[in-house]
Amino acid sequence: MFLQIEKSTNKPIICELGVGKLVDRTYQTSAGGNAATVAYQHKEQLVGKTPTSAADVYSFAVIMLETYSRCPAWKGYSVQALRKAIMDNQLPSIQKDDVPPQAQEIISLCFKRAEKRPSFLDFAT
């Protein structure tokens, strides 16, 4: 997914929905595993549960955080360290100067446990 920030309104705009590969290995898919990128997965996916819309909401929040902060949410983590962090229920920090308070609030809601996350419809209403 490729997002840009509209300068006049500071709103994120989805520009492209594709599979991109970054240099950092935490942002690449791995052969033999699931097709998702570790940096955008939550614990329920890493343990092999069938992805639900809650997983998409979590992934969207990671992308939103990266879009506003203009840097990877899990910067500096190896794949193994990132998997351990996620399994230990750690979350990327949303307290960044470039992330507006309203965006921090949405991201925080999306980072909750799967059954507590809002749906995309909740944001539309």
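Here we summarise the structure given alongside this text. (Residues numbered from 1 in each chain as written. Predicted model: local features only at pLDDT ≥ 70, side-chain atom pairs only at ≥ 80, totals over all residues. Heavy atoms only, no water.)

Here's the deal with the pattern of salt bridges
Close approach of charged atoms allows side chains with opposite charge to pair. Taken as a whole and assessed by the stated rule, the structure comprises three salt bridges. Here Glu115 and Arg113 are joined by a salt bridge, their closest N and O atoms 2.3 Å apart. The exposure classification of Glu115 matches that of Arg113, with both residues exposed. (Salt bridge = Lys/Arg side-chain N within 4 Å of Asp/Glu carboxyl O. Buried < 20%, exposed > 50% of the residue type's maximum accessible area, 1.4 Å probe, protein only.)

So, the side chain of Ser69
By secondary structure assignment, the location of Ser69 is in helix H2 (residues 53-69). On the accessibility criterion, Ser69 (8% relative accessible area) is buried. In this structure Ser69 touches Lys96, Asp98 and Val99, once residues within four positions along its chain are discounted. (Helix = DSSP H or I, 4+ residues; strand = E, 2+ residues; numbered from the N terminus. Contact = heavy atoms within 4.5 Å.)

A look at H2
Compared with an ideal rise of 1.5 Å per residue, which puts 17 residues at 24 Å, H2 spans 24 Å between its outermost C-alpha atoms and is within 8% of the ideal. Directly beyond the C-terminal end of H2, a positive phi value near 60° is found at Arg70. (Expected span 1.5 Å × (residues − 1).)

Re helix H3 (residues 79-87)
Those residues of H3 that sit buried are Val79, Leu82, Ala85 and Ile86. Projected onto a plane normal to the axis of H3, the buried residues spread over an arc of 125° and lie on a single side. Of the residues in H3, the exposed ones pointing more than 90 degrees away from the buried face are Gln80 and Lys84. Here the buried face of H3 lies against helix H1 (43-46). Asn89 sits one or two residues past H3 and shows a positive phi near 65°. (Arc of directions from axis to C-beta.)

Considerations on the packing of H2 against helix H4 (residues 101-110)
For the pair H2 and H4, interaxial distance at closest approach is 8 Å and the crossing angle is 150°. Taken together, the axes of H2 and H4 lie roughly antiparallel to each other. Considering only the axes of H2 and H4, their crossing is left-handed. Where H2 approaches H4, its residues Val57, Tyr58, Ala61, Met64, Leu65 and Tyr68 are matched on the opposing element by Ala103, Ile106, Ile107 and Cys110. Residues of the contact of H2 with H4, tallied by class, amount to ten nonpolar, no polar and no charged. (Axes fitted to C-alpha atoms, helices over the stretch in contact; angles between N-to-C directions. Parallel < 35°, antiparallel > 145°, perpendicular 65-115°, else oblique. Left-handed = near helix turned anticlockwise from the far one by under 90°. Nonpolar A, V, L, I, M, F, W, Y, C, P; charged D, E, K, R; others polar.)

Concerning the packing of aromatic side chains
Taken as a whole, this structure holds three aromatic pairs when the rule is applied. On the basis of an interplanar angle of 40° and a centroid distance of 5.2 Å, the ring pair of Tyr58 and Phe111 is categorised as tilted. Taken together, the positions of Tyr58 in helix H2 and Phe111 in the loop between H4 and helix H5 (120-124) put the pair 53 residues apart, joining distant regions of the chain. A relative accessible area of 0% means that Tyr58 is categorised as buried. What makes Phe111 buried here is its relative accessible area of 7%. On the numbers, 5.2 Å between centres and 90° between planes, the contact of Trp74 with Tyr77 is edge-to-face. (Phe/Tyr/Trp six-rings, centres within 6.5 Å; stacked < 30°, edge-to-face > 60°.)

Geometric descriptors of this kind do not, in isolation, establish any biological role.
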